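Structural overview
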Amino acid sequence: MAAYLLKYQVICSLDTSLSPAPAACSYPSTMASTVLVLDVTVEPSNLEEGLYGILNHVREGWNKDDIIFKKMPSFFSSNQNTVCRTSDDMAGAVMIRVCCGQGDTQQELAATQLLHEILASPRLICTFKNGVCHEFVQGNSCNWNDISAFKDVNIAKAVAREVAKIHSEQALHLALNKYGIKDHVVPFGYLFGMLQNWSTNTGNSEIDAMLSSHFPSADVLQKEIEGLMKMVTDEGIATVFGHNDANPTNVIYNPAQGVATLVDYEVCGMSPETYDLASFLESSATGMYPDVDARRHSPDFQKEFLKEYIKTKRILEGSGDDITEKDVEKLYILTTKTVLIVYLISAMAFVTIGANPMPGSGIAGKDLIGLGITRYMWYQTNKEEILALKVPE
C-alpha cells in the first residue's frame, strides 16, 4: 500500500498547470484515519431520527436545532442520500447514504470501504448496517438535463485519472482477497437480470406497440448478450474492479483543484476494463437525448481521455508513462466495441424503467421507452461495422 500511495502522489501532479496541487494529494494522511463502525440500522421510514443518531457519533459537537438536511434527488434508485450540515459554508458537512433494500447492500458497503482504502472516494467517516457516512465533496455536479460541462476535455481527463485508480491492480487485489467482492461480471449481470423479466406486453397498448415494432424476443436478446460476452473473451479484454455506473451525474468536479470524484458505489464490482471507459464517454456526451450521433464525442476527444487513463494506470502499476499511438488506438478500438454493451444495457434499462417508472421521478414512462428504442436502433445500425474493427497487433 505504501508504494501505491507514492505513485498516487505522482498522479496528483499529472496536470502541471494546476497551482496549487489538487487537494486530493492530501488524501493519504486523512484517508488513513480509522473508519467508525456502528451497529445500527437507519429506517428509511423514520429517516431524520436515524440521521440524528448517526450524527451524534460523527459530529458530536453539532447542536440538533442547527442541523440542516438536504435530500439529494435520485431518479433511478430508491437509496436515500442526504447532505447534513449546520451552516451555509458547508464546514464539516457530511453525506449519509441509506441503502433501502435495492441491490446488494453488503457488496456496496464493501466497495465503499475498498475505494476509501485506495484513495478513490470521499473520506469515509463511518459505516452502519445499511449505509455509510462520508465527507461531503465540494465541487460541481450535474443532472441529466445539462451535461454540457463534459465537452471540456480537461474535465474528462480528470475523470479518466479517477477511473484508472478504481481499475488499479491494488483495487482488484483488495476486491478479491480482502473485501470478498463477488466475481460475477456486473454489466452482463445487468443484461441477464433484465432479460429474465423482459416482455413487450406491459398492459399498455400504446407502449406495447412501440416495443413490439422495435425490439426482438427475449430469445433473440439472449443471443445478442452471449455474442457480446464472446467478443469480450475473444478480444482478451481484462477484468477489473469497476465502478459500473460512470455517468456524469455520478461525477463531482472541483474546477479550482482540477479534481474529479466518482460517487455512488451501488453497483461496483467486476467488469471488463473498457466498460467504465465506454460508459462515461457515451453517457457524458449523449445523456438522455435522442440524437445520439450528433452528440457523441469526437474520436480525438475520446483518445485524449483514453491516453490519460493509460498514463495514470501505468504510473500506478509502476510501468512508466511512455505511451505510443498504437497503445491508444488499441484501447480506442476495444472501448468502441464495448460501446455496444453500453447501448444494449441502456436500451433495455430505459424500457424496463419506463414500463415501471418510479413515483416522483418526473420522467414519463413513454419518454424513457422512446430513449430505449433510439439506443437499440443505434446498436443494431452500428453493430456489424463496430464488431468488424481490427485491433492493432
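Shown above is the structure to which this text applies.
Notes on the structure in this doc start here. Every chain's residues receive numbers from 1 upward, in the order its sequence appears when written. Per-residue local features of the predicted model are confined to residues with pLDDT of at least 70, and side-chain atom pairs are confined, for both listing and counting, to 80 or more; whole-chain, interface and lining totals are unaffected and use all residues. Derived side-chain values reflect all non-hydrogen atoms in the structure, with water molecules and hydrogen atoms excluded from consideration.

Further remarks concern the sheet that holds strand β5 (residues 124-128). Read from one edge of the open sheet, 6 strands run β1-β5-β6-β4-β3-β2, paired in mixed fashion. Looking at strand neighbours, the two that pair on one side only are β1 (36-37) and β2 (68-72), the edges of this open sheet. At least two DSSP bridges between two strands are needed for those strands to be called paired. Labels follow the DSSP assignment, with helices taken as runs of H or I lasting at least four residues and strands as runs of E lasting at least two, numbered in each case from the N terminus. Two strands pair when backbone bridges link them, and β2 and strand β3 (residues 80-85) are joined in this way by 5 bridges, in the antiparallel orientation. Opposite isoleucine 68, over in β3, you have arginine 85 as the bridge partner. Here a residue-residue contact requires only that any non-hydrogen atoms of the pair lie within 4.5 Å. Axes, fitted as lines to C-alpha atoms, cover a helix only where it is in contact. Angles between the N-to-C directions of the axes lie from 0 to 180 degrees. Contacts from helix α4 (residues 105-117) reach β4 (94-98), β5 and β6 (131-135) within the one sheet, and its direction differs from that of β5 by about 160°.

Our focus in this paragraph is the side chain of glutamine 302. Structurally, glutamine 302 is set in helix α12 (residues 299-317). Here's how the labels work: a residue is buried when its accessible area is under 20% of the maximum for its type, exposed when over 50%, partly exposed in between, all with a 1.4 Å probe on protein chains only. Judged by relative accessible area, which is 5%, glutamine 302 ranks as buried. Residues in contact with glutamine 302, not counting those within four places in the same chain, are Leu281, Arg296, His297 and Tyr332.

For the pair helix α5 (residues 153-166) and α12, interaxial distance at closest approach is 8 Å and the crossing angle is 35°. Our pair here, α5 against α12, has a crossing hand that is right-handed. Counting all contacts with α5, which are made through Val153, Ala156, Lys157, Val159, Ala160, Arg161, Val163, Ala164 and Lys165, the residues of α12 involved are Phe301, Glu304, Phe305, Glu308, Tyr309, Thr312, Lys313 and Leu316. Gly counts as polar in this scheme, as do all residues outside two lists: the nonpolar Ala, Val, Leu, Ile, Met, Phe, Trp, Tyr, Cys and Pro, and the charged Asp, Glu, Lys and Arg. Residues belonging to the contact of α5 with α12 are distributed by class as follows: 10 nonpolar, 1 polar and 6 charged. Should the near helix be turned anticlockwise from the far one by less than a right angle, the crossing is termed left-handed; should it be turned clockwise, right-handed.

Right, let's talk about the environment of isoleucine 68 for a bit. Its place among the elements puts isoleucine 68 in strand β2. As a C-alpha pair, isoleucine 68 and threonine 82 span 14 residues in sequence and 9.8 Å in three-dimensional space. The residues contacting isoleucine 68, other than those within four sequence positions of it, are Val83, Cys84 and Arg85.

Inspection of the secondary structure puts glutamate 108 in helix α4. Its relative accessible area of 3% is what places glutamate 108 among the buried residues. Setting aside chain neighbours within four positions, we find glutamate 108 in contact with Asn79, Arg97, Cys99, Tyr265 and Glu266.

Turning our eyes to something else, we now look at the packing of aromatic side chains. Pairing of aromatic rings covers Phe, Tyr and the six-membered ring of Trp, with a centre-to-centre limit of 6.5 Å; geometry is then stacked below 30 degrees between planes, edge-to-face above 60, and tilted otherwise. Inspection of the entire model under this criterion finds 7 aromatic pairs. Relative to phenylalanine 305, the ring of phenylalanine 280 has its centre 5.3 Å away and its plane inclined at 20°; by these criteria the two rings are stacked. Of the two residues, phenylalanine 280 is situated in helix α10 (residues 273-286) and phenylalanine 305 in helix α12; the sequence distance between them amounts to 25 residues. Of the two residues, phenylalanine 280 and phenylalanine 305, both sit in the buried class. Put simply, the rings of Trp198, Phe215, Tyr376 and Tyr379 pair up and form one aromatic cluster. Working rule: Lys NZ or Arg CZ, within 6 Å of ring centre, within 35 degrees of ring normal, means a charge sits over the ring. Against the face of tyrosine 52 rests lysine 64, its NZ or CZ located 4.5 Å from the ring centre. Stacked on the ring of tyrosine 332, the Lys or Arg lysine 303 has its end atom at 4.8 Å from the ring centre.

So, on to helix α14 (residues 365-387). Multiply 1.5 Å by the residue count of a helix minus one, and that product is the helix's expected span. Helix length check: α14, at 23 residues, gives a terminal C-alpha distance of 32 Å against a target of 33 Å (1.5 Å per residue), a fit within 8%. Within α14, burial applies to Gly365, Leu368, Ile369, Leu371, Gly372, Ile373, Arg375, Tyr376, Trp378, Tyr379, Asn382 and Ile386. Packed against the buried residues of α14 are α8 (205-214), α9 (218-234), α10, α11 (292-295) and α13 (325-355).

Given 3.6 residues per turn, any residue in an α-helix points the same way as the ones three and four places further on. Restricting attention to buried positions, one finds in α8 the residues Ile207, Asp208 and Leu211. The arc that holds every buried residue of α8, seen down its axis, measures 100°, which confines them to one face. Facing away from the buried side of α8 by more than 90 degrees, the exposed set consists of Ser205 and Ser213. To obtain the arc, one takes the directions from the helix axis to the C-beta atoms.

To continue, consider unusual backbone geometry. Not every positive phi belongs to a glycine, and asparagine 244 is a case in point at roughly 70°. Tracing the backbone shows asparagine 244 in the loop between β7 (239-242) and β8 (251-254). Positive phi, normally seen in glycine, also occurs at aspartate 264, with a value near 70°. Following the sequence through the fold, aspartate 264 ends up in the loop between β9 (259-262) and β10 (269-272).

On to the pairing of β5. In terms of burial, β5 is a largely internal element, 5 of the 5 residues being buried. Direction of pairing for β1 relative to β5: parallel, over a ladder of 2 bridges. Bridge pairing links leucine 36 to cysteine 126 in β5. As defined by bridge partners, β5 adjoins β6 across 4 bridges and the pair is classed as antiparallel. Bridging from a neighbouring strand, threonine 127 pairs with valine 132 of β6.

What follows covers the nonpolar core. Core analysis: the largest hydrophobic core is formed by 81 residues, its most contacted members being Leu114 and Phe241. Those residues within four positions of phenylalanine 241 in sequence are excluded, and the remaining contacts are Ala111, Leu114, Leu115, Ile166, His167, Ala171, Leu172, Ala175, Ile181, Cys268, Gly269 and Met270. Core analysis: the second largest hydrophobic core is formed by 18 residues, Leu47, Tyr52, Ile67 and Cys133 among them. Grouping buried Ala, Val, Leu, Ile, Met, Phe, Trp, Tyr and Cys residues that are joined through side-chain atoms within 4.5 Å yields what is termed a nonpolar core.

Take the pattern of salt bridges next. Any carboxyl oxygen of Asp or Glu within 4 Å of a side-chain nitrogen of Lys or Arg constitutes a salt bridge here. By the definition in use, this model includes 19 salt bridges. The partner of lysine 165 in a salt bridge is glutamate 162, with the nearest N and O atoms 3.1 Å apart. Remark: glutamate 162 and lysine 165 occur in helix α5; sequence separation between them is 3 residues, near one turn of the helix. Comparing lysine 165 with glutamate 162, the two get one shared label, buried. For arginine 314, the salt bridge identified is with aspartate 327, shortest N-O distance 3.3 Å. In this pair, arginine 314 sits in helix α12 while aspartate 327 sits in helix α13, placing the two residues 13 residues apart along the sequence. Note on aspartate 327: relative accessible area 24%, which makes it partly exposed.

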